[in-house]
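Reading the structure
The primary structure of each chain is shown beneath.
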Amino acid sequence: QKEVEQNSGPLSVPEGAIASLNCTYSDRVSQSFFWYRQYSGKSPELIMSIYSNGDKEDGRFTAQLNKASQYVSLLIRDSQPSDSATYLCAVNIRGKSTFGDGTTLTVKP
Amino acid sequence: EADIYQTPRYLVIGTGKKITLECSQTMGHDKMYWYQQDPGMELHLIHYSYGVNSTEKGDLSSESTVSRIRTEHFPLTLESARPSHTSQYLCASTQSSAGELFFGEGSRLTVL
């Protein structure tokens, strides 16, 4: 079992819709959870971090964490074509971040 | 804003050559990392450092080596490059114990 698993993509949504990205992790010791966005040919950039159970909102982005279910999600509201990218879930375990395979999102105008 | 720099951005070399990928950050971060990423694939941690004179191997076995003589500098060296080393190498750093990473722009290595 992989340490961090993301829902298989690619994911395609129309402009203005809500995009939902999911991630599960295997190590219950994990304390910090992140979502990075990676445009094609670019390096990852941090868009959300979450450390406690519940929701965390930042603009159009909402991260959700459920430690009991070992589940992290990212919702993107009012999706824009500029949101088209690969979204990477990362879990920090003992000071090192482990990444999922990523989910590629395409937002169609 | 993160200031972490990688050079070269692109490198094409022949088999057997020695190469060093440079990574420097101006943020005074103690923790630095090297990840390897093939196109369309996940990032794999190959080396990390929690401070000067501290280096550790990551989860993915790599023939590369690293050094950390200065806080701001974390170079990666391949003594004898092979085609299997063709990949993108991403350097990252953080000061936070939580671990949010700031990435450099990457070094794309092609070994012929």
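Attention here is on the structure that accompanies the text.

1. What to know about the overall build of chain B
The secondary structure content of chain B amounts to zero helices and 11 strands. Starting at the N terminus and ending at the C terminus, chain B contains elements arranged as β-β-β-β-β-β-β-β-β-β-β. Here the C-alpha radius of gyration of chain B, 13 Å, is about what a compact globule of 112 residues would show, namely 13 Å. The principal-axis extents of the C-alpha atoms in chain B amount to approximately 40 × 30 × 25 Å. For chain B, with 112 residues in total, the buried portion stands at 48%. When contacts within chain B are restricted to residue pairs at least 6 apart in sequence, long-range pairs at least 24 apart make up 53% of them. Summing over all exposed atoms, chain B offers an accessible surface of approximately 5400 Å²; the carbon and sulfur share of this is 51%. Across chain B, the centroid of the 9 positively charged side chains sits 8 Å from that of the 13 negatively charged ones.

2. Regarding the nonpolar core
Core analysis: the biggest nonpolar cluster contains 24 residues, and W35, V72, L74, I76 and Y87 of chain A have the highest contact counts within it. Elements with a contribution of two residues or more to this core: β3 (19–25), β4 (32–38), β5 (45–50), β7 (61–66), β8 (71–76), β9 (85–93) and β11 (103–108) of chain A. The element contributing the most residues to this core is β9 of chain A, with five residues. Core analysis: the second largest hydrophobic core is formed by 17 residues, I13, I19, C23 and A81 of chain B among them.

3. Description of the interface of chain B and chain A
A common way to state how big an interface is: give the accessible area lost once the parts meet. Every contact between the two is made by 20 residues of chain B and, on the other side, 21 residues of chain A. Carbon and sulfur atoms supply 46% of the area buried between chain B and chain A, which totals about 1500 Å² over both sides. Our enumeration of links across chain B and chain A arrives at two salt bridges. Put simply, K2 of chain A and E42 of chain B hold a salt bridge, and the shortest N to O gap is 2.7 Å. Linking chain B with chain A are nine residue pairs in polar contact (both at pLDDT 80 or more), by the criterion used here. For the side of chain B that touches chain A, the element with the most residues is strand β5 (residues 43–51) of chain B, which contributes four residues. Across the side of chain B that touches chain A, the residue classes tally to 10 nonpolar, five polar and five charged.

4. Quick word on the pattern of salt bridges
For side chains bearing opposite charge, pairing can occur when the charged atoms are close. Counting across every chain of the model gives 11 salt bridges over all chains. Here D83 of chain A and R60 of chain A are joined by a salt bridge, their closest N and O atoms 2.8 Å apart. Note that D83 of chain A is positioned in the loop between β8 and β9 and R60 of chain A in the loop between β6 (54–58) and β7, a separation of 23 residues in sequence. By relative accessible area, which is 1% here, D83 of chain A ends up buried. Across the pair R82 of chain B and E63 of chain B runs a salt bridge whose closest N-O atoms are separated by 2.7 Å.

5. Details of the state of the cysteines
All told, the structure shown has two disulfides over all chains when counted by the stated rule. Disulfide partner of C23 of chain A: C89 of chain A, at an S-S distance of 2.1 Å. Between C23 of chain A and C89 of chain A, the S-S dihedral sits near -75°, and the bridge is therefore left-handed. Here the residue C23 of chain A occupies a position in strand β3, and C89 of chain A occupies one in strand β9, the gap between them amounting to 66 residues. The residue that forms a disulfide with C23 of chain B is C91 of chain B, at a sulfur-sulfur distance of 1.9 Å. The sign of the S-S torsion, about -75°, decides the handedness of the disulfide formed by C23 of chain B and C91 of chain B: left-handed. Separated by 68 residues along the polypeptide, C23 of chain B in strand β3 (residues 19–25) and C91 of chain B in strand β9 (residues 87–94) bring together distant segments of the chain.

Parameters and conventions
- Residues numbered from 1 in each chain as written.
- Chains lettered and ligands numbered in written order.
- Predicted model: local features only at pLDDT ≥ 70, side-chain atom pairs only at ≥ 80, totals over all residues.
- Heavy atoms only, no water.
- Helix = DSSP H or I, 4+ residues; strand = E, 2+ residues; numbered from the N terminus.
- Rg over C-alpha atoms; globule rule 2.2 N^0.38 Å.
- Buried < 20%, exposed > 50% of the residue type's maximum accessible area, 1.4 Å probe, protein only.
- Contact = heavy atoms within 4.5 Å.
- Areas by Shrake-Rupley, 256 points an atom, 1.4 Å probe, with all protein chains shown as cover.
- Lys, Arg positive; Asp, Glu negative; His and termini not counted.
- Charge placed at Lys NZ, Arg CZ, Asp CG, Glu CD.
- Core = buried A, V, L, I, M, F, W, Y, C linked by side-chain atoms within 4.5 Å.
- Buried area = accessible area lost by both parts, 1.4 Å probe.
- Salt bridge = Lys/Arg side-chain N within 4 Å of Asp/Glu carboxyl O.
- Polar contact = N/O pair within 3.5 Å; in protein donor to acceptor, adjacent residues only side chain to side chain.
- Nonpolar A, V, L, I, M, F, W, Y, C, P; charged D, E, K, R; others polar.
- Disulfide = S-S within 2.5 Å.

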